[in-house]
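The lines below spell out each chain.
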Amino acid sequence: MRVLVTGGHGQLGRALLRTAPAGMEVVALGSSDCDVTDPATVRAIVARIEPELIVHCAAWTDVDGCERHPERAWRVNALGAQHVATACAEAGAALVYISTNYVFDGERDEPYHEFDRPNPLSVYGASKLAGEEVVRALCPRHAIVRTAMLYDAHSRNFVTTVLRLAREQPRLRMVADQYGNPTFVDDLARALWQLVAQPAYGMFHLVNQGAASWYDWAVAVLELLDLAVPVDPIPASEFRRAARPPRNGVLTSLAAPALGIIMPDWRDALARCLTSRRAPESS
Ligand SMILES: NC(=O)c1ccc[n+]([C@@H]2O[C@H](COP(=O)([O-])OP(=O)(O)OC[C@H]3O[C@@H](n4cnc5c(N)ncnc54)[C@H](OP(=O)(O)O)[C@@H]3O)[C@@H](O)[C@H]2O)c1
């Protein structure tokens, strides 16, 4: 099967390349080769590559940047998805659209499943939700996959930021009243390959199991690496930022277990990621 991955140089795009099963021909294009804000480019690339499946990972993932520059967020995250979904439908290909836990407002106390009602608090969440809506409207064979708190061993993400801060500062302060599911992109990529092998369409939440606050996550990173840097828990109200993440951004899944897709616990995933940290990236 030939698969086109947009945002192919990002964390998830590279993980999809690393974990691709035998028989998958993966073409992973970065923004310089496939700018999703340009409909003619997207159409021409899809016509040239003739993929049977597109995994649309490209997004502007800087949540605070999206809040400060909403027009760019809408253009990349919503309009970009519209262009990809249109080209996909024209080519008769299936589409996997990667979305986010930020579509929820986090006001309820339980984890969110696939059929809970979204109500984004941020421009990032709203623009990604609009992407879901255009994909649903335009591309008949689609899977919308919501995930959360992505990281790998090398990119700029929360895990590598904690490690940098631990080198620079004597003690850290981390928000302890916002929760999500830290998710190792390699585990997500493997789950996506399982999903497309079925094939399965509709709405899916794919995250490593278990919930963690930013504080829990930072403490786990430092403990796993035996770094004795103290971490102080703080409320989100003491950490000023442009966007407001959901207080409860924890996802659970009804749809993935029904297909036999069970993702590992987040602490197990984090340990595996940190163990692989010294190896050069193989993508
Ligand atoms: N990161 C998270 O914690 C998280 C959580 C939930 C959901 N998600 C979703 O998961 C997906 C993958 O996230 P990720 O962590 O892999 O993000 P990432 O590392 O930031 O990668 C996203 C990629 O999108 C590309 N991109 C940006 N603007 C583009 C454009 N106009 N045209 C084409 N490509 C463009 C970027 O390429 P350049 O850098 O070359 O511009 C970047 O490599 C995204 O859809 C994101 O919304 C992420």
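Here, every reference points to the structure presented above.
What counts as what
Residues numbered from 1 in each chain as written. Predicted model: local features only at pLDDT ≥ 70, side-chain atom pairs only at ≥ 80, totals over all residues. Heavy atoms only, no water. Axes fitted to C-alpha atoms, helices over the stretch in contact; angles between N-to-C directions. Helix = DSSP H or I, 4+ residues; strand = E, 2+ residues; numbered from the N terminus. Parallel < 35°, antiparallel > 145°, perpendicular 65-115°, else oblique. Left-handed = near helix turned anticlockwise from the far one by under 90°. Contact = heavy atoms within 4.5 Å. Nonpolar A, V, L, I, M, F, W, Y, C, P; charged D, E, K, R; others polar. Pairing = 2+ DSSP bridges. Phe/Tyr/Trp six-rings, centres within 6.5 Å; stacked < 30°, edge-to-face > 60°. Buried < 20%, exposed > 50% of the residue type's maximum accessible area, 1.4 Å probe, protein only. Salt bridge = Lys/Arg side-chain N within 4 Å of Asp/Glu carboxyl O. Core = buried A, V, L, I, M, F, W, Y, C linked by side-chain atoms within 4.5 Å. Near = heavy atom within 4 Å. Polar contact = N/O pair within 3.5 Å; in protein donor to acceptor, adjacent residues only side chain to side chain. Areas by Shrake-Rupley, 256 points an atom, 1.4 Å probe, with all protein chains shown as cover.

S.K.: Just checking my understanding: could you explain the packing of helix H4 (residues 70-91) against helix H5 (residues 123-138) for this structure?
M.R.: A pair of packed helices is captured by two measures, namely the crossing angle of their axes and the spacing between those axes. The geometry of H4 relative to H5 is characterised by a closest axis approach of 9 Å and an angle of 15 degrees between their N-to-C directions. With respect to H5, the element H4 is oriented roughly parallel. The hand of the H4/H5 crossing is right-handed. On the side of H4, the interface is formed by Pro-70, Ala-73, Trp-74, Asn-77, Ala-78, Ala-81, Gln-82, Ala-85, Thr-86 and Ala-89, while H5 contributes Val-123, Tyr-124, Ala-126, Ser-127, Lys-128, Ala-130, Gly-131, Val-134, Val-135 and Leu-138. Residue classes in the contact of H4 with H5 are distributed as 14 nonpolar, five polar and one charged.

S.K.: So what exactly am I meant to see when it comes to unusual backbone geometry here?
M.R.: Negative phi characterises most residues that are not glycine, and trans characterises most peptide bonds. Geometrically, the link from Gln-198 to Pro-199 is a cis peptide bond, its omega value of -15 degrees lying close to zero. Along the polypeptide, Pro-199 turns up in the loop between helix H7 (185-197) and strand S10 (202-205). Positioned with a positive phi, Glu-50 is a non-glycine residue whose angle comes to about 50 degrees. Note on placement: Glu-50 falls in the loop between helix H2 (39-49) and strand S3 (53-56). Positive phi is not limited to glycine here, since Met-149 has a value of about 40 degrees. Structurally, Met-149 can be placed in the loop between strand S5 (142-147) and strand S6 (150-151).

S.K.: Looking at this model, I keep getting lost on the sheet that holds S10. Mind explaining?
M.R.: What holds strands together in a sheet is hydrogen bonding between their backbones, with the strands either parallel or antiparallel. On the basis of which strands lie adjacent, the open sheet formed by six strands has the order S2-S1-S3-S4-S5-S10 and parallel pairing. A single partner strand is all that each edge strand has here, and the edge strands are strand S2 (25-29) and S10. On average, each strand axis in the sheet is inclined to that of its neighbour by 20 degrees, with strand direction left out of account. With four bridges joining them, S5 and S10 adopt parallel strand pairing.

S.K.: Mind showing me how you'd approach the packing of aromatic side chains here?
M.R.: For any pair of aromatic rings, the description consists of the separation of the ring centres together with the inter-plane angle of the planes. Taken as a whole and judged by the stated rule, the model has seven aromatic pairs. Ring geometry for Phe-158 and Trp-214: centres 5.2 Å apart, planes at 55 degrees, overall tilted. Taken as a pair, Phe-158 in helix H6 (residues 158-168) and Trp-214 in helix H8 (residues 214-224) lie far apart in primary sequence, 56 residues in all. Here Phe-158 and Trp-214 have matching classes, each one buried.

S.K.: Hey, could you run me through the pattern of salt bridges in this one?
M.R.: Side-chain pairing between opposite charges can occur once the charged atoms of the two side chains come close. Within the structure shown, the criterion is met by 17 salt bridges. Ionic pairing is found between Asp-64 and Arg-241, a salt bridge with its closest N-O pair at 3.2 Å. With Asp-64 in helix H3 (residues 63-68) and Arg-241 in the loop between strand S12 (231-234) and helix H9 (255-258), this pair connects stretches of sequence that are 177 residues apart. For Asp-64, a relative accessible area of 16% puts it in the buried group. Judged by relative accessible area, which is 29%, Arg-241 ranks as partly exposed. Measuring nitrogen to oxygen at the nearest pair gives 3.2 Å for the salt bridge that ties Arg-164 to Glu-168. Here Glu-168 and Arg-164 lie together in helix H6, a separation of four residues that amounts to about one turn.

S.K.: Sorry if this is basic, but what is going on with the nonpolar core here?
M.R.: Generally speaking, a soluble globular protein has its nonpolar side chains buried in company with each other. With 44 residues, the main nonpolar core has Trp-217 and Leu-270 as its most contacted residues. Those elements giving two or more residues to this core turn out to be H3, H4, H5, H6, strand S7 (172-175), H8, S12 and helix H10 (266-275). In this structure, Leu-270 is in contact with Tyr-151, Val-159, Trp-217, Ala-220, Val-221 and Leu-224, ignoring residues within four places of it in sequence. Residues Leu-188, Leu-195, Ala-255 and Met-263 belong to the second largest nonpolar core, which totals 30 residues.

S.K.: Which parts of the structure should I look at to understand the site of the ligand?
M.R.: Close to the ligand lie 24 residues, the nearest being Leu-12, Ser-31, Thr-61, Tyr-124 and Lys-128. Interatomic distance of 3.3 Å between a backbone N/O atom of Ala-59 and an oxygen atom of the ligand. In isolation the ligand has 880 Å² of accessible area, and contact with the protein removes 79% of it. Looking at the shell around the ligand, the elements with two or more residues in it are helix H1 (11-19), strand S4 (94-100) and H5. Take the shell around the ligand: its biggest share by element is three residues, from S4. Split into classes, the residues belonging to the shell around the ligand amount to twelve nonpolar, ten polar and two charged.

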